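# Coordinate analysis (summary)
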Amino acid sequence: MIELREVSKTYGDTPAIDGLSLAIGRGELVALIGASGSGKSTLLKMINRLVEHDRGMVLFQGEQVRSFRPEDLRRRMGYAIQSIGLFPHWSVARNVATVPVLLGWPAARIAARVDELLALLGLDPALYRGRYPHQLSGGQQQRVGVARGLAVDPNILLMDEPFGAVDPIVRRELQQELVRLQQELDKTVVFVTHDIEEAFLLGDQVVILQQGGFIAQVGSPKQILSAPANDFVASFIGAERGKRALHVESHGGNDVLVDSEGRVAGVLVGSNGPVAADPTPGRESPTPGREREAQGEIR
């Protein structure tokens, strides 16, 4: 679906990405994580040509991205960012319809697609289509931003720290919503985050970047946590910090992300289902009504 071959990008004398190669398969949710300045967002933006690479090749469905007009390429790739970027003077429906309107879709088709996406993201169209961004909570605004990114049914959804500005409980809800959508719609998702737990909970594959745009390790969360590739990765995932070291345990048929004190972050993507109660041995399970609260407290 997406392939980068020996790609480099330099700003002045400073390399942001240096000789990076990466393949992303159809239907995967790939999380990009690394310290500030490691090139996460630059890498993401090179995929849809918001940033042009200097050397190497970026391929989309086997064709170089430079063979597409930038606007045509971006219409095939949804894009959602932390700041959301909703137009404040437009209604929810008009914001979601931004690209379909640019493409000249008939009004009836646009209205049907807007209502379909709002319902898919848990926003009742009758209640929300006519509202304006200032009338929405942060989580609702983010859902509208994701709906706008999906409006023309793109092959790929690019997300740049989309949940970074919401509170922990809403963030967990949005994470679960993203996993559901990705599985239901079979989209390829490339997701930038600075939150290591978020990367491991959401990603089928996790790409850890280090300063200068080098890939330190690529693998499933379980692979990385069980076998860090080098000292940098071990330090980054907390293997040298003892009490907050992340690792995977199996509980009730699910692979669960926990730290060395037994605090549960959540269930890894690909496990059998959500954890209905805290599976950590020796701890009291939260009541069903407190499950979301308990999950949201874990940082």
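Quantities reported herein were computed from a predicted structural model and do not represent experimental measurements. (Residues numbered from 1 in each chain as written. Predicted model: local features only at pLDDT ≥ 70, side-chain atom pairs only at ≥ 80, totals over all residues. Heavy atoms only, no water.)

### Quick look at the overall build of the chain
Applied cut-off: By definition, any uninterrupted DSSP run of H or I lasting at least four residues is a helix, any uninterrupted run of E lasting at least two residues is a strand, and each is numbered from the N terminus. We call two residues contacting when some pair of their heavy atoms lies within 4.5 Å. Computed with the Shrake-Rupley method and a 1.4 Å probe, the accessible areas treat only the protein chains shown as cover for residues.
Across its full length, the chain carries twelve helices and 13 strands. For the chain, the proportion of contacts with a sequence separation of at least 24, taken over those separated by at least 6, is 59%. Roughly 13,500 Å² of accessible area belongs to the chain as shown, and the carbon and sulfur atoms make up 50% of that amount.

### A short note on the sheet that holds strand S2 (residues 14-24)
Test applied: Note on pairing: DSSP must find at least two bridges between two strands before they are called paired.
In space, the four strands of this open sheet follow the order S2-S1-S4-S5, with antiparallel pairing throughout. Two strands bound the open sheet, and with one partner strand each, they are S2 and strand S5 (63-64). Alignment of strand S1 (residues 2-11) against strand S4 (residues 55-60), held across five bridges, turns out to be antiparallel. In the strand pairing of S4, isoleucine 2 is matched with phenylalanine 60.

### Focus on helix H5 (residues 107-120)
Heads up, the condition is: How far a helix is expected to stretch is found by multiplying one less than its residue total by 1.5 Å.
Helix length check: H5 (14 residues) gives 20 Å between terminal C-alpha atoms against 20 Å at 1.5 Å per residue, within 8%. Taken together, the buried residues of H5 touch helix H3 (92-96), helix H4 (98-102), helix H6 (125-128), helix H7 (138-149) and helix H8 (168-185). Residue glycine 122 follows H5 closely and has a positive phi angle near 80°.

### Remarks on the packing of H7 against H8
So the rule is basically this: Axes here mean lines fitted to C-alpha atoms, for a helix over just the part in contact, with angles spanning 0 to 180 degrees between N-to-C directions. Here the word oblique covers every angle except those under 35 degrees (roughly parallel), over 145 (roughly antiparallel) and from 65 to 115 (roughly perpendicular). By the definition used in this description, the sense in which the near helix is turned from the far one sets the handedness, with an anticlockwise turn below a right angle giving left-handed and a clockwise turn giving right-handed. Each residue is assigned to one of three groups, with Ala, Val, Leu, Ile, Met, Phe, Trp, Tyr, Cys and Pro labelled nonpolar, Asp, Glu, Lys and Arg labelled charged, and all others, Gly among them, labelled polar.
Two elements in contact, H7 and H8, have axes whose closest approach is 10 Å; the angle formed by their N-to-C orientations is 20°. In terms of their interaxial angle, H7 and H8 are classed as roughly parallel. The handedness of the crossing between H7 and H8 is right-handed. On H8, the residues touching Gly139, Gln142, Arg143 and Val146 of H7 are Val170, Glu173, Leu174 and Leu181. Its residues placed into classes, the contact of H7 with H8 shows four nonpolar, two polar and two charged.

### Things to note about the pairing of strand S10 (residues 214-219)
Pairing between strand S9 (residues 205-210) and S10: five bridges, direction antiparallel. Within S10, the position partnered with isoleucine 208 by the bridge is glutamine 217. Taking the residues that link successive antiparallel strands as the turn, the S9-S10 hairpin has three residues, and the phi of glycine 212 there is positive, at about 95°.

### Notes on the environment of leucine 123
Tracing the backbone shows leucine 123 in the loop between H5 and H6. Along the backbone, leucine 123 and valine 144 are 21 residues apart, and their C-alpha atoms lie at a distance of 8.6 Å. When sequence neighbours within four positions are dropped, the list of residues in contact with leucine 123 reads Leu118, Tyr128, Gln140, Arg143 and Val144.

### Comments concerning the sheet that holds S9
Overall, mixed pairing links the six strands, which are arranged S6-S7-S8-S3-S9-S10 in an open sheet. The open sheet terminates on both sides in strands that have one partner only, identified here as strand S6 (77-81) and S10. When the angles between neighbouring strand axes are averaged without regard to direction, this sheet yields 15°.

### Overview of the nonpolar core
Stated precisely, the cut-off is as follows: What we call a nonpolar core is a set of buried Ala, Val, Leu, Ile, Met, Phe, Trp, Tyr and Cys residues that are connected through their side-chain atoms within 4.5 Å. Three labels apply to residues, based on accessible area from a 1.4 Å probe with only protein chains included: buried if under 20% of the type maximum, exposed if over 50%, partly exposed otherwise in between.
Counting residues in each nonpolar core, the largest one holds 35 residues, and the members touching the most others are Val96, Met159 and Phe191. Elements with a minimum of two residues in this core: H3, H5, H7, strand S7 (156-160), H8 and strand S8 (188-193). Look past the residues within four positions of valine 96 in its chain and what remains in contact with it is Val114, Leu117, Leu118, Val144, Ala147, Arg148 and Ala151. The next biggest cluster of nonpolar side chains, apart from the first, holds 26 residues, and it includes Val7, Ile24, Val58 and Phe68.

### Overview of helix H1 (residues 40-47)
For H1, the tally of buried residues reaches six of eight residues, placing the bulk of the element in the interior. Among the residues of H1, Lys40, Thr42, Leu43, Leu44, Met46 and Ile47 are the ones counted as buried. Of the residues flanking the end of H1, it is arginine 49, one or two places downstream, whose phi is positive at about 65°.

### Details of unusual backbone geometry
Phi at glutamate 6 takes a positive value of approximately 50°, unusual for a residue other than glycine. One can find glutamate 6 in strand S1. Residue aspartate 186 is not a glycine yet carries a positive backbone phi of 55°. Mapped onto the elements, aspartate 186 comes out in the loop between H8 and S8.

### Overview of the pattern of salt bridges
Rules: Between Lys or Arg on one side and Asp or Glu on the other, a salt bridge is scored when a side-chain nitrogen of the former is within 4 Å of a carboxyl oxygen of the latter.
The final tally for this structure, using the stated rule, is 14 salt bridges. A salt bridge links arginine 69 to aspartate 72; the nearest nitrogen and oxygen atoms lie 3.5 Å apart. Note that arginine 75 and aspartate 72 form a salt bridge whose closest N and O atoms lie 3.8 Å from each other. With arginine 75 and aspartate 72 both in helix H2 (residues 70-75), this residue pair falls three residues apart, about one helical turn. Among the charged side chains, a network of salt bridges with common partners joins Arg69, Glu71, Asp72 and Arg75.

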